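Structure at a glance
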2 protein chains.
Amino acid sequence: MSYELYYWDGIQGRGEFVRLALEDAGAEYQDVARMSGGSSKIAAFLEGRNGHQRPFAPPFLKDGDIVVSHVANILAYLGPRLDLVPAGEAERIFAHGLQLTITDFVTEIHDTHHPLGIDDYYEDQKDEAKARSSRFLSSRLPKFMSYFEAVLSANPTGTAHAVGSRASYVDLSLFQVMEGLRYAFPNTMKHFEEEIPLLVSLHGRIGERAGIRNYLASERRIPFNEMGIFRHYPELDQRD
Amino acid sequence: MSYELYYWDGIQGRGEFVRLALEDAGAEYQDVARMSGGSSKIAAFLEGRNGHQRPFAPPFLKDGDIVVSHVANILAYLGPRLDLVPAGEAERIFAHGLQLTITDFVTEIHDTHHPLGIDDYYEDQKDEAKARSSRFLSSRLPKFMSYFEAVLSANPTGTAHAVGSRASYVDLSLFQVMEGLRYAFPNTMKHFEEEIPLLVSLHGRIGERAGIRNYLASERRIPFNEMGIFRHYPELDQRD
């Protein structure tokens with residue numbers, strides 16, 4: 001039986017972290033929102049019409065009778081099934097913790113363009129977005145990225161992976177974060193990348209994996225755009 | 001061997017969600033930051049001097065050789081050990097998803113007083129905090145709280161618990177969210193609580209559990225204050 005991924009159509013968004021794992025592993029899955037009647041299928045879950053295990057928001061994954069919501073929960077579920085996480089308990093817990101740090105980072109990236117909240121347009125909070133972005137790029141982005149760089153550096157099996165000696169869903173997510181930051185903040189990243197050589201190298205290697213390369217070249221990969229998490233507004237790409 | 005909880009001293013903060021689970025279960029644990037030399041023990045982990053499984057930030061939990069970071073990860077780890085989550089896989093995954101929604105909610109609650117970022121004082125972003133809080137209280141708070149109310153309402157075993165037929169770590173966390181929102185936004189909550197009777201009732205029952213009652217009456221429970229996540233700034237407690 002194939003997995004069913006429920007996420008909004010038209011953006012990479014948070015769903016992309018799940019897609020990359022499914023695509024890398026060559027797993028069979030349906031991207032429900034892109035199928036006929038997809039939107040109403042998503043709505044049925046969100047409105048509680050598909051049982052009591054109701055998600056708050058997409059993405060969520062359905063596998064038979066199991067419904068898994070939130071990216072990190074989905075990846076913790078898929079990791080062992082797709083062979084994208086080490087087998088040991090301590091390493092799995094560490095991988096999940098790393099993914100939750102990525103989750104927090106992604107929220108902060110999103111909030112650079114929506115510091116007052118998601119109910120108003122970017123255009124109506126542009127000044128506040130500039131203020132938040134400048135702080136983010138000077139302080140938070142280096143803090144998160146240096147942390148992941150240090151994790152790679154400290155891996156006792158070598159610096160090619162965040163956890164264990166083979167690619168995990170964490171590496172795939174770090175690839176996506178690098179992709180998104182380069183799209184959203186090219187000016188900042190151009191200068192900052194020399195401080196994170198291991199992440200730059202990881203990004204290059206993940207992009208060459210067969211499943212990922214095929215996916216990126218396919219129509220299933222939606223280009224970055226200004227509806228998603230990673231948005232390119234040149235006026236925000238300025239450090240203090 | 002007792003659990004070791006690593007979290008900042010002086011605030012309830014995110015660590016409180018873990019403390020409530022440990023206290024409810026009567027588990028033996030050390031609150032490391034409150035012991036002699038606690039701060040430097042936390043720093044050793046954050047600076048990577050205690051092995052490669054380095055947390056990004058507190059809270060994290062040490063159990064023997066296992067280090068677990070992020071509240072939801074910690075509670076997923078402790079849940080089965082403290083008998084605070086149902087045994088079935090689907091229910092455990094659902095509980096973890098609910099906890100991750102609480103995580104997101106807590107971030108949004110925090111950001112009401114720090115919309116531009118955590119590196120500046122509240123006093124330096126007060127106007128933006130008012131703008132964000134007013135949107136939050138009108139739109140996001142009702143959305144999250146109504147979701148949890150609906151989850152309680154839909155529980156096939158009865159409306160007393162979020163997951164399964166007995167108290168879980170999710171119920172304890174919802175108790176803490178209610179506590180914090182009543183402290184931070186008493187005016188808003190006074191009017192809103194009639195819309196969430198099941199959450200109000202759950203809060204009352206959790207507060208009467210022996211472990212929680214003893215904890216709340218002890219010196220271990222730090223009062224809410226304006227250094228934590230839930231802060232009472234009367235000027236922010238205004239809906240549109």
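Residues numbered from 1 in each chain as written. Chains lettered and ligands numbered in written order. Predicted model: local features only at pLDDT ≥ 70, side-chain atom pairs only at ≥ 80, totals over all residues. Heavy atoms only, no water.

The name an unreviewed UniProt entry assigns to chain A is Glutathione S-transferase, from the organism Pseudorhizobium pelagicum.

The next point concerns the packing of helix H1 (residues 15-25) of chain B against helix H6 (residues 169-184) of chain B. All names here are of chain B. Remark: H1 packs on H6, axes separated minimally by 9 Å, with the N-to-C direction vectors making an angle of 125°. Compared by their axis directions, H1 and H6 come out oblique. Handedness of the crossing formed by H1 with H6: right-handed. Where H1 approaches H6, its residues Glu 16, Phe 17, Leu 20, Ala 21 and Asp 24 are matched on the opposing element by Leu 172, Ser 173, Phe 175, Gln 176 and Val 177. Among the residues forming the contact of H1 with H6, the class breakdown is six nonpolar, two polar and two charged. (Axes fitted to C-alpha atoms, helices over the stretch in contact; angles between N-to-C directions. Helix = DSSP H or I, 4+ residues; strand = E, 2+ residues; numbered from the N terminus. Parallel < 35°, antiparallel > 145°, perpendicular 65-115°, else oblique. Left-handed = near helix turned anticlockwise from the far one by under 90°. Contact = heavy atoms within 4.5 Å. Nonpolar A, V, L, I, M, F, W, Y, C, P; charged D, E, K, R; others polar.)

Now for helix H4 (residues 89-111) of chain A. For an α-helix, the turn length of 3.6 residues means that residues three or four places apart are oriented alike. Here H4(A) is 23 residues long and its end C-alpha atoms lie 33 Å apart, about the 33 Å a rise of 1.5 Å per residue gives. Among the 23 residues that make up H4(A), 18 are buried, leaving the element largely enclosed by the rest of the structure. (Expected span 1.5 Å × (residues − 1). Buried < 20%, exposed > 50% of the residue type's maximum accessible area, 1.4 Å probe, protein only.)

Before going further, it helps to spend a moment on the pairing of strand E3 (residues 60-63) of chain A. Residues and elements named next belong to chain A. As judged from the three bridges shared by strand E1 (residues 3-6) and E3, these two strands associate in the antiparallel manner. When the sheet's bridge partners are listed, Glu 4 is paired in E3 with Lys 62. Of the strand pairs in this sheet, E3 and strand E4 (residues 66-69) are connected by four bridges, and their pairing is antiparallel. Following the sheet pairing, Lys 62 is matched in E4 by Val 67. Turn length for the E3-E4 hairpin, with the two strands adjacent in sequence and antiparallel, is two residues, and the turn residue Gly 64 shows positive phi of about 65°. (Pairing = 2+ DSSP bridges.)

A few words on the interface of chain A and chain B. Many structure descriptions define interface size as the accessible area lost when the parts assemble. Residue-level contacts link 44 residues of chain A with 44 residues of chain B. Here chain A meets chain B over a buried area of about 4100 Å², counting both sides, of which 59% is carbon and sulfur. Ranking the residues of chain A by area buried against chain B places His52(A), Phe56(A) and Leu116(A) at the top, with a combined share of 18%. Residue Arg135(A) pairs with Asp120(B) through a salt bridge whose shortest N-O separation is 2.2 Å. For the pair chain A and chain B, the number of links is 21 residue pairs in polar contact (both at pLDDT 80 or more). Broken down by secondary-structure element, the contributors of at least two residues to the side of chain A that touches chain B are E4, helix H3 (71-81), H4 and helix H5 (126-154) of chain A. Broken down by element, the residue count for the side of chain A that touches chain B peaks at 12 residues, all from H4(A). Here the side of chain A that touches chain B is built from residues that sort into 19 nonpolar, 12 polar and 13 charged. (Buried area = accessible area lost by both parts, 1.4 Å probe. Salt bridge = Lys/Arg side-chain N within 4 Å of Asp/Glu carboxyl O. Polar contact = N/O pair within 3.5 Å; in protein donor to acceptor, adjacent residues only side chain to side chain.)

For the rest of this paragraph, the subject is the confidence of the model for chain A. Averaged over all residues, the pLDDT of chain A is 97; the fraction at 70 or higher stands at 100%. Overall fold confidence for the complex sits at a pTM of 0.98, while the interface term, ipTM, reaches 0.98. (pLDDT = per-residue confidence, 0-100.)

Turning to unusual backbone geometry, a few remarks are in order. A cis amide bond, omega 0°, links Pro58(A) with the succeeding residue Pro59(A). Phi at His70(B) is positive, roughly 85°, even though this residue is not glycine.

Below, the discussion takes up the sheet that holds strand E2 (residues 29-31) of chain A. Residue and element names in this part refer to chain A. Pairing within the open sheet is mixed, and its four strands lie in the order E2-E1-E3-E4. Bordering the open sheet on either side are E2 and E4, each of which pairs with just one other strand. Between one strand and the next, the sheet's axes are offset by a mean angle of 20°, whatever the strand orientation.

Below, the discussion takes up the relation of the copies chain A and chain B. Mapping chain A onto chain B leaves a residual RMSD of 0.0 Å; the transformation is a rotation of 180° accompanied by 0.0 Å of translation along its axis. Expressed as an axis order, the relation between the two copies is that of a two-fold axis. Considering only C-alpha atoms, the residue of chain A closest to the rotation axis is Pro115(A), which sits at 2.8 Å. When you check the interface residues of chain A against chain B, 100% turn up at the interface there too, and the contact is symmetric in its surfaces. (Least-squares fit on C-alpha atoms with pLDDT ≥ 70 in both.)

Turning to the packing of H3(A) against H4(A), a few remarks are in order. Residue and element names in this part refer to chain A. H4 packs onto H3 with a crossing angle of 150° between their chain directions and a minimal axis gap of 9 Å. Compared by their axis directions, H3 and H4 come out roughly antiparallel. As H3 packs across H4, the resulting crossing turns out to be right-handed. Where H3 abuts H4, its residues Val 71, Ala 72, Asn 73, Leu 75, Ala 76 and Pro 80 lie against Arg 92, His 96, Gln 99, Leu 100 and Thr 103. Of the residues belonging to the contact of H3 with H4, the class tally is six nonpolar, four polar and one charged.

Proximity of charged atoms lets side chains of opposite charge pair with each other. Applying the stated criterion across every chain yields a total of 34 salt bridges over all chains. Across the pair Asp31(B) and Arg19(B) runs a salt bridge whose closest N-O atoms are separated by 2.7 Å. Remark: Arg19(B) occurs in helix H1 and Asp31(B) occurs in strand E2 (residues 29-31); sequence separation between them is 12 residues. We note that Asp31(B), like Arg19(B), is buried. Residues participating in the shared-partner salt-bridge network are Asp9(A), Glu16(A), Arg19(A), Asp31(A), Arg34(A), Glu179(A) and Arg221(A).

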